[in-house]
Amino acid sequence: MPKRYTVTAALPYTNGPIHIGHLAGVYVPADIYTRYLRGIGKDVLFICGSDEHGVAISLKAKKEGKTPKEIIDQYDQVIRDSFQEFGIGFDNYSRTSRKIHFDTAQEVFKNLDAKSIFELKESEQLFDEEAQEFLADRFVTGTCPICQHPEAYGDQCESCGSSLSATELIEPKSTISGGKPALRETKHWYLPLNRYEDFIQKWILEGHKKDWKPNVYGQVKSWVDNGLQPRAVTRDLDWGIPVPAEGGEGKVLYVWFDAPIGYISSTKEWAQQKGKDWEPYWKDKDTQLVHFIGKDNIVFHCIIFPIILHAHGDYILPENVPANEFLNLEGEKISTSKNWAVWLHEYLKEFPYQQDVLRYVLTSNAPETKDNDFTWDEFQARNNNELVAIYGNFINRVVVLTHKYYEGKVPAPGNLTEQDNTVLEEMALIPKKIGNAIEHYHFREASQLLMQLARLGNKYLADAEPWKLIKTDPERVKTIMHTALQIAAGLSILSEPILPFTAKKLSKMLLLDPKNQAWVQVTKVSTLIDPGHQIGTASLLFQKIENDQMEQQRMKLKASVAENKIDSLKIAPIKPTTSLDDFKSLDLKVAKIIVAEKVRKTKKLMRLTVDLGQEQRTVVSGIAEDFSPEDLIGKQVTLLTNLHPRTLKGIESNGMILLGENVTGSFVFVNPENKETKTGLSIH
RNA sequence: CGCGAGGUAGAGCAGUGGUAGCUCGUCGGGCUCAUAACCCGAAGGUCGCAGGUUCGAGUCCUGCCCUCGCUACCA
């Protein structure tokens, strides 16, 4: 058994608030894990903080006419407050913009630099003269050298799917200033991951085959099998931690290099405040380090950061990295930019004192093995059918009956029957089962086990029927109610990790002394609540959620996403005047779609066969996200017929169909009257 | 193209060689202490598809299909 635990949750990036995806993937499981460990008396340190560097923040600041500091201060506050109110119990929540973090990150860099771990490389990169900035691949667009698509990105052409490098683009353009970037020499420090393949191979692929989640293990294996490449740890940017080395002027540490080091800085900060020693939490072999992250972060936490720690030499490595998959929302990917999300700070306002409902829903439907879907229907169902109907109702029955029969005093039991013993023994097994599930990161299972205890209580009452026996055998009822009250007390203790607010409310209702509320007590068939003990009056633990409340949430989602799209919709300026001759050179015809099928292995491409009256031809069009084949077959469209043929995914496309765009940015047909015209006619 | 994860009842999941399970939902019944809550019972699955190994396959092997990720700083 490890002496102590260091548990980290992924540092949230401060360019937006926290949403349910973050919670389900990282913060709720990490919080359950740490609450459980504390509950069984372990030494646990739970660490997090805001990740405040990187291009995205400096870009967002530029866009909104603010300084990066204003952006990070704003979101750090929102995130910090919402975590606090939601009951995520970090021991410390720091920020990577603090001095202690600068010092720590620079120390790590200098340490590796002194050991000559890094490789220095010169390379040519595109530089935006206007913005005075080197451009990341994604911030360059231009014409694709392979398919001639005019808006390919610097890393990939979305039209033909080819991987590109930004310098290959024809007529490159900066998406920041719109200007034409120039090539410039620049120098960067690289971490040669390739030299550590053996280390990763031994440590993870051989050492953690059994105990790491298949998705995490598989992902690491995939990276190693494909061969690790050196990665730059510095960037040309003015927002971040200066590179502490000769020639590092104007350069900062790349955000993924400094961010995980934030766990260490946050630990140091905590230690300073509490007057403790931080080092055992990162350097003692008896410490178990666990990183809670989402699947997009696997490579950083399983390969890059461990290599940094390993190269540094003094540090322990993570014992496990239980990365979760992603949570979708109402069938769509959660998207900050499209405003398709349920934001934590808004939830807290709209569902006051219902933190545990969200915690429960996200836990019982956590994306542990594959992506999952969050729907408001399910949220409502879990609340009404499980929390209210099973858990809340059981407690209410017990408390109300105790007041009715005994004025709220726990009755003294007579001889226990087999029925009573069975149920008490069954309860005694549950803490172990829940603990085992949590220790193996099976939080879904843990939430089910907890609910099983409430179910056990309900069944016990239904079988024993105290409300009948009270008329014929009041002595027996005392034993029954005593037993039922033990289950209620057990629930209050075992709920703490998953439903901390409920646990608190319940123990208050039962007027339990927190000192007697140890997890371990439930494992013994013992008295958790003594005869003669006065309990408080009944109040509802959970409230039913009505349909109209859910309807409001669904409306809100739709409204915000529509609003967001209209805001971001650009009205393109009218292009310079063209000549009639130029226009006449375009051959536009009415075409009827007769065959439509999705091109396999692509998201957007649709293969169409169109009838032009005089002939039929094949056209490939990037519209599969907005139309299904059934929507298209039989429809008439305007076709630009004399466009140079182009091959997409091996299919030659002869022409381009013309479509309009609606307010949500999707393609639509432009034909308000829907009257058929004659196929093959020209458009003037 | 490749690599990784997933594809089991209406929904969400468990199940790594031996008669297909759990929760919710649905239907029927019971109870009345309880937030029209609770309890019992039933219906519902050719375990993505096709081959193969085996006495026996959801579980092992091969091929294919679909979803998600690796590829927009989004966990």
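Fair warning: this is a prediction, and the values are worked out from it, not measured in the lab. (Residues numbered from 1 in each chain as written. Chains lettered and ligands numbered in written order. Predicted model: local features only at pLDDT ≥ 70, side-chain atom pairs only at ≥ 80, totals over all residues. Heavy atoms only, no water.)

K.L.:
Summarise the protein's contact with RNA strand B; cite the residues concerned and give the values.
P.N.:
Contacts to RNA strand B come from 57 residues, most closely from Asn-15, Gly-294, Asp-296, Asp-371 and Asn-372. Among all atoms of RNA strand B positioned within 4 Å of the protein, those belonging to sugar or phosphate total 73%. Measuring from a phosphate oxygen of RNA strand B, one finds a side-chain N or O atom of His-22 at 2.6 Å. The leading source of residues in the surface near RNA strand B is helix H12 (residues 376–406), at 12 residues. Broken down by class, the residue content of the surface near RNA strand B amounts to 19 nonpolar, 19 polar and 19 charged. (Near = heavy atom within 4 Å. Polar contact = N/O pair within 3.5 Å; in protein donor to acceptor, adjacent residues only side chain to side chain. Helix = DSSP H or I, 4+ residues; strand = E, 2+ residues; numbered from the N terminus. Nonpolar A, V, L, I, M, F, W, Y, C, P; charged D, E, K, R; others polar.)

K.L.:
Quick rundown of the packing of aromatic side chains? Include the residues and the values.
P.N.:
Inspection of every chain in the model, using the stated rule, returns 32 aromatic pairs. When the centroid spacing of 5.0 Å and the interplanar angle of 80 degrees are considered together, the rings of Trp-376 and Phe-379 count as edge-to-face. You can see Trp-376 and its partner Phe-379 sitting in helix H12, three residues apart, about one turn around the helix. Here a set of aromatic residues connected by ring pairs shows up, and it is made of Tyr-27, Phe-46, Phe-83, Phe-90 and Tyr-93. Sitting over the ring of Tyr-315, Lys-283 keeps its end group 5.1 Å from the ring centre. (Phe/Tyr/Trp six-rings, centres within 6.5 Å; stacked < 30°, edge-to-face > 60°. Lys NZ or Arg CZ within 6 Å of the ring centre and 35° of its normal.)

K.L.:
Lay out helix H14 (residues 443–464) with the relevant residues and their values.
P.N.:
Helix length check: H14 (22 residues) gives 32 Å between terminal C-alpha atoms against 32 Å at 1.5 Å per residue, within 8%. Taken from the residues just after H14, Glu-465 is the one with a positive phi, measuring 50 degrees. (Expected span 1.5 Å × (residues − 1).)

K.L.:
Run through the confidence of the model for chain A, naming residues and quoting values.
P.N.:
Should the pLDDT be low somewhere, the predicted coordinates at that spot are not to be read in detail. When pLDDT is averaged across chain A, the result is 84; 83% of the residues are at 70 or more. When mean pLDDT is taken per element in chain A, helix H8 (residues 280–283) scores highest with 97 and strand S24 (residues 660–661) scores lowest with 59. Residue range residues 568–572 is modelled with pLDDT below 50. Its contacts to residues more than four positions away, or to other chains, number four contacts. (pLDDT = per-residue confidence, 0-100. Contact = heavy atoms within 4.5 Å.)

K.L.:
Pulling in residues and values, what's your account of the environment of Asp-373?
P.N.:
Along the chain, the position of Asp-373 falls in strand S16 (residues 372–374). For Asp-373, a relative accessible area of 28% puts it in the partly exposed group. Through-space distance from the C-alpha of Asp-373 to that of Ser-97 is 35 Å; in sequence the pair is 276 residues apart. Reaching out from Asp-373, the side chain makes a polar contact with the backbone nitrogen of Glu-330 at a distance of 3.3 Å. (Buried < 20%, exposed > 50% of the residue type's maximum accessible area, 1.4 Å probe, protein only.)

K.L.:
I'd like a description of the pattern of salt bridges, backed by residues and values.
P.N.:
As enumerated under the stated definition, the model contains 31 salt bridges in all. With a closest N to O distance of 3.3 Å, Asp-463 and Lys-459 form a salt bridge. In this pair, Asp-463 and Lys-459 both sit in helix H14, four residues apart, roughly one turn of the helix. For Asp-463, a relative accessible area of 44% puts it in the partly exposed group. Through salt bridges with shared partners, a single ionic network connects Glu-52, Lys-69, Asp-73, Asp-76, Arg-80 and Arg-95. (Salt bridge = Lys/Arg side-chain N within 4 Å of Asp/Glu carboxyl O.)

K.L.:
Lay out the environment of Lys-60 with the relevant residues and their values.
P.N.:
Summarising the element assignment, Lys-60 is placed in helix H2 (residues 55–64). By relative accessible area, which is 23% here, Lys-60 ends up partly exposed. Remark: the alpha-carbon pair of Lys-60 and Asn-15, spanning 45 residues in sequence, is separated by 7.5 Å. If we skip the residues at most four places from it in the chain, Lys-60 touches Asn-15, Ile-71 and Tyr-75.

K.L.:
Describe the nonpolar core, naming the residues involved and giving the relevant values.
P.N.:
The biggest cluster of nonpolar side chains holds 166 residues, and the ones touching the most others in it are Tyr-27, Phe-374 and Phe-379. Examining the composition of this core, we find that 12 residues originate from one element, H12, more than from any other. Excluding anything up to four places from it in sequence, Tyr-27 contacts Ala-9, Ala-10, Leu-11, Pro-12, Ile-18, His-22, Cys-48, Phe-83, Ile-88 and Phe-90. (Core = buried A, V, L, I, M, F, W, Y, C linked by side-chain atoms within 4.5 Å.)

K.L.:
Give a description of the packing of helix H6 (residues 214–225) against helix H9 (residues 298–312) that names residues and reports values.
P.N.:
A pair of packed helices is captured by two measures, namely the crossing angle of their axes and the spacing between those axes. Running from N to C, H6 and H9 cross one another at 60 degrees; their axes reach a closest spacing of 10 Å. Regarding the angle of H6 to H9, the classification is oblique. By crossing handedness, the relation of H6 to H9 is classed as right-handed. In this structure, H6 contributes Asn-215, Val-216, Gln-219, Val-220 and Trp-223 to the contact, and H9 contributes Ile-298, Val-299, Cys-302 and Ile-303. In the contact of H6 with H9, the residues fall into seven nonpolar, two polar and no charged. (Axes fitted to C-alpha atoms, helices over the stretch in contact; angles between N-to-C directions. Parallel < 35°, antiparallel > 145°, perpendicular 65-115°, else oblique. Left-handed = near helix turned anticlockwise from the far one by under 90°.)

K.L.:
I'd like a description of the sheet that holds strand S15 (residues 332–333), backed by residues and values.
P.N.:
Spatially, S15-S14-S16 is the arrangement adopted by the three strands of the open sheet, whose pairing is mixed. Each edge of the open sheet carries a strand with a single partner, namely S15 and S16. (Pairing = 2+ DSSP bridges.)

K.L.:
An account of the packing of helix H11 (residues 355–364) against H12 is requested, with residue identities and associated values reported.
P.N.:
Contact geometry for H11 and H12: axes closest at 10 Å, N-to-C directions at 105 degrees. Taken as axis vectors, H11 and H12 run roughly perpendicular relative to one another. Only Phe-379, Arg-382, Asn-383, Glu-386 and Leu-387 of H12 make contact with H11, whose side of the interface consists of Asp-356, Val-357, Leu-358, Tyr-360, Val-361 and Ser-364. Among the residues forming the contact of H11 with H12, the class breakdown is six nonpolar, two polar and three charged.

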